[in-house]
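Observations on the three-dimensional arrangement
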Amino acid sequence: MKNHIRVNGRLLQTNKKFSALKLRQKEWIASLLRSKTISLMLEHQRQLKRPERERILQETLIAIEQKGIWIPDCEVSRYYDSKVQQYYKSFYKQQALSEDNSSSN
């Protein structure tokens, strides 16, 4: 029990990994991070700076806590850092497709 703590009568694992979450929890967190990142990129029309990414991460961590999902903040941060480049690529690909469609009309 060295990796567990008791919080409000519940036993929580302190070394829990992102991969240990249930599939629907992982999908919910991933979609929340992606949607917030893409919407902010659409607003600014550029890649996000570190403070903007930190704000997205903090908002997501608050939403995770409100939903009752327990996962260490560093795990969510590590997951977000690993996926942010993919979000950028998909954003730019989407922008290129929309420009091609608008120029062909």
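Residues numbered from 1 in each chain as written. Predicted model: local features only at pLDDT ≥ 70, side-chain atom pairs only at ≥ 80, totals over all residues. Heavy atoms only, no water.

Concerning the side chain of Q95
Secondary-structure assignment places Q95 in helix α3 (residues 73–104). When sequence neighbours within four positions are dropped, the list of residues in contact with Q95 reads L42 and Q45. (Helix = DSSP H or I, 4+ residues; strand = E, 2+ residues; numbered from the N terminus. Contact = heavy atoms within 4.5 Å.)

Thoughts on the environment of S19
Following the sequence through the fold, S19 ends up in the loop between β2 (10–13) and α1 (23–44). With relative accessibility at 57%, the residue S19 sits in the exposed group. The spacing of S19 and E75 is 56 residues in sequence and 9.3 Å in space, taken between C-alpha atoms. (Buried < 20%, exposed > 50% of the residue type's maximum accessible area, 1.4 Å probe, protein only.)

Regarding the pattern of salt bridges
Counted according to the given criterion, the structure contains 7 salt bridges. Salt-bridge contacts for E59 lead to K36; the nearest nitrogen and oxygen are separated by 3.2 Å. One end of the pair, E59, is in helix α2 (residues 50–67); the other, K36, is in helix α1, with 23 residues separating them in the sequence. Of the residues examined, K36 reaches a relative accessible area of 22% and is grouped as partly exposed. The partner of R46 in a salt bridge is E52, with the nearest N and O atoms 2.8 Å apart. (Salt bridge = Lys/Arg side-chain N within 4 Å of Asp/Glu carboxyl O.)

Side note on the confidence of the model for the protein
For the protein, mean pLDDT is 87; residues scoring 70 or higher make up 89% of the total. Least confident of the elements in the protein is β2, whose mean pLDDT is 66; most confident is α2, at 95. (pLDDT = per-residue confidence, 0-100.)

Re unusual backbone geometry
Glycine aside, residues mostly have negative phi, and peptide bonds are mostly found in the trans state. Residues other than glycine seldom take positive phi values, yet Q45 does so here, at roughly 60 degrees. As for its position among the elements, Q45 is in the loop between α1 and α2. On the basis of relative accessibility, which here comes to 48%, the residue Q45 falls in the partly exposed class.

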